[in-house]
Amino acid sequence: MGFLSSLLGIIGFGIGLPIGLLVGFIFLVYSKPKQVQDPVVRPLEEFDTSVLADLLPEIPIWVKDPDYERVDWLNKMIFYMWPYLDKAICREIKRQAEPILAEYSEKYKIKAIEFENLDLGTLPPTINGIRVYETNEKELVMEPVIKWAGNPNIVLVLKLLSLQITLQLVDLQVFFAPRMTLKPLVPTFPCFANILVSLMERPHVDFGMKVLGGDIMSIPGLYQFIQKTIKKSVASLYLWPQTLEVPVLDNSIYALKKPVGILHVKVVRAFKLMKADFLGLSDPYVKLNLTGESLPGKKTTVKKKNLNPEWNENFKLVVREHQSQALQIQVFDWDKVGGHDRLGMQLVPLKLVTPHETKEFNLDLLKHTNISDHKDKKYRGTIVLELTYAPFREDSTSALSAKFDQKDSITDRSSNNETLSKAGLLSVLVQAAEDVEGERHNNPYALILFRGEQKKTKLLRKTRNPLWNEEFQFDLEEPPLQDKIRIEVFSKRTGIRFRSKESLGHVEINLDDVVRNGRINQKYHLINSKNGLLHVEIGWTMV
């Protein structure tokens, strides 16, 4: 029987399987699918006002305002970092609060005020959206919308003689929209020097407070009083335009020193220079530059075949730090082929030069400035210089603006003429351009034209939004009240081909406003460009 039942089972499986597949195929082909009904979708306008009023507060701000962006990635990062941020923030709160609590203890004759527990809970704050502003200054402005419905456990103990009072903060809810400004932006990590924080509107703060285990916020009138007091206190501190400034970098590390004066250098003569040529002569010239500067140095003319040259040539160098900078003098032998041989050099600290007094220096040239190296004590000649340091007037801009506001009396007009006759420094900072587009290529650079001088930024390849951030300076004997400065953006093909350069637009800027205000920082629409913009900052400082 066992064998027979097994045999019948195998035969039945062999017959039933093909028949089942055939029947299933027929049903699949000839059966009609059931009609699937679409879900009911109702637009928001069909809901009554009460339903909409309940929904709107829950809608993220990036849905309601296109200027705000989603930052889910940032919220995710905060979520994973929150256990560590919690400890770090609590440690900082303790460090800041303990001296204040100690002061209150002494003032109100309390034995001690201590944290029994300080924990921000397991729920991190969330950023519902963030908006980023663009300004003409070197800064980054952000406005995040922050909501925090947390479960902190903050317990504060007040010890009064033998009595101990426990205060517990629970169920904290904070909604606020700060403005965070990172400024100035600098080329030193983390690339900004300060964080400025302001509240754009009064924050919403809600919490529960338990004293000796009982919720005192349930006392009639107390809740509204505490809410009003907290909002008023916070708003009085940091409500815009008031700011909380948090320094990130030390000023000495990041600060780009602004010009503080001009060093007038007269290269008089040199004598008994080294013989560099085969015939026992040299073709000397002098190169001048200030330490700590990336600007190209100033050069005298070349005196052919002369070991005792006389130049009597005058130069001006912009000084940024009178106490720490030094004038570097290098004497070279000019050659037609190959590099120029250095005959000698010397350094003069600027702090040796008294402002507004001309001082003569007779300097013995050295091979290099390494004083500890005594191997080469060979005499290399002497150079004679006359140095005069002219510091800028600290109140030049404010004084000038004030004098332009006074136009009623002859005395004021004469003082205006006297002020405007002063020499000064015109600085031009070409920051960036936007939406510049060439017909054949996009390798932009900017060319600055002023009083016959030409200065050029570096060429940036394959970009329509170049960022140069290069500064150029012009020493002037009088304010450029009637002058214009022309800045033209070009694109140049990098290979050797015909029509390698094309203009992408230009601007002409009247310098009258620069002289009167001391500084302008604007974006200009490029002439002969469809959408191009040029960002320029120009400053004028009087000696």
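Look a little higher up for the structure.
First things first, this report covers the structure right here in the doc. (Residues numbered from 1 in each chain as written. Predicted model: local features only at pLDDT ≥ 70, side-chain atom pairs only at ≥ 80, totals over all residues. Heavy atoms only, no water.)

## So, the layout of surface pockets
Quantified by volume, the largest pocket comes out at close to 2,600 Å³. Taken together, 50 residues form the lining of the largest pocket, with I89, I93, W148, V174 and F176 sitting closest to its centre. Considering every element that reaches the lining of the largest pocket, the biggest residue donor is helix α4 (residues 72-107), with nine residues. Considered class by class, the residues forming the lining of the largest pocket number 43 nonpolar, three polar and four charged. (1 Å grid on protein atoms, 1.4 Å probe; cavity = no way out; pocket = protein on both sides within 12 Å on 5 of 7 lines; lining within 4 Å. Points joined across faces, edges and corners; volume = space filled by probe spheres on them. Helix = DSSP H or I, 4+ residues; strand = E, 2+ residues; numbered from the N terminus. Nonpolar A, V, L, I, M, F, W, Y, C, P; charged D, E, K, R; others polar.)

## Re the sheet that holds strand β24 (residues 501-510)
Strand order across the open sheet formed by four strands is β21-β20-β23-β24, with antiparallel pairing between neighbours. Of all the strands in the sheet, just β21 (453-456) and β24 have a single pairing partner and so form its edges. The mean inter-strand angle of the sheet, taken between neighbouring strand axes irrespective of direction, is 20°. Where strand β23 (residues 484-492) and β24 come together, nine bridges link them in antiparallel fashion. Considered in β24, the bridge of E488 is made with H506. (Pairing = 2+ DSSP bridges. Axes fitted to C-alpha atoms, helices over the stretch in contact; angles between N-to-C directions.)

## Some points on the packing of aromatic side chains
Applying the stated rule across the entire model yields five aromatic pairs. Judged by centre distance (5.6 Å) and plane angle (20°), the rings of Y285 and F332 are stacked. Remark: F332 occurs in strand β15 (residues 326-333) and Y285 occurs in strand β12 (residues 284-290); sequence separation between them is 47 residues. Residue Y285 shares its accessibility class with F332, and that shared class is buried. Cation over ring: K147 sits above F175, and NZ or CZ is 5.5 Å from the ring centre. (Phe/Tyr/Trp six-rings, centres within 6.5 Å; stacked < 30°, edge-to-face > 60°. Buried < 20%, exposed > 50% of the residue type's maximum accessible area, 1.4 Å probe, protein only. Lys NZ or Arg CZ within 6 Å of the ring centre and 35° of its normal.)

## Some details on the sheet that holds strand β22 (residues 467-476)
The four strands lie next to each other as β22-β19-β26-β25, forming an open sheet whose pairing is antiparallel. At either end of the open sheet lies a strand with only one pairing partner, and these are β22 and β25 (519-525). Here the average twist between neighbouring strands, direction ignored, is 20°. Where strand β19 (residues 424-434) and β22 come together, eight bridges link them in antiparallel fashion. Considered in β22, the bridge of L425 is made with D475.

## Describing the nonpolar core
If you look at the biggest cluster of nonpolar residues, it comprises 31 residues, and the most contacted ones within it are L426, V428, I485, I487, L534 and I538. Elements with a contribution of two residues or more to this core: β19, β20 (444-450), β22, β23, β24, α9 (512-517), β25 and β26 (533-542). The biggest single contributor to this core is β26, with five residues. When near neighbours in sequence (up to four residues on either side) are disregarded, I487 contacts V428, A446, L447, I448, G505, H506, V507, I509, L534 and V536. One finds M274, L290, L307 and V353 within the second-largest nonpolar core, a separate group that totals 28 residues. (Core = buried A, V, L, I, M, F, W, Y, C linked by side-chain atoms within 4.5 Å. Contact = heavy atoms within 4.5 Å.)

## Description of the pattern of salt bridges
A side chain of one charge can pair with a side chain of the opposite charge when the charged atoms of the two come close. Counted under the stated rule, the structure contains 20 salt bridges. Across the salt bridge formed by E143 and R179, the nearest N and O atoms sit 2.7 Å from each other. Residue E143 is located in strand β3 (residues 140-149), and its partner R179 is located in strand β6 (residues 178-185); the two are separated by 36 residues in the primary sequence. Salt-bridge contacts for D512 lead to R516; the nearest nitrogen and oxygen are separated by 2.8 Å. (Salt bridge = Lys/Arg side-chain N within 4 Å of Asp/Glu carboxyl O.)

That is the geometry; function is a separate question.
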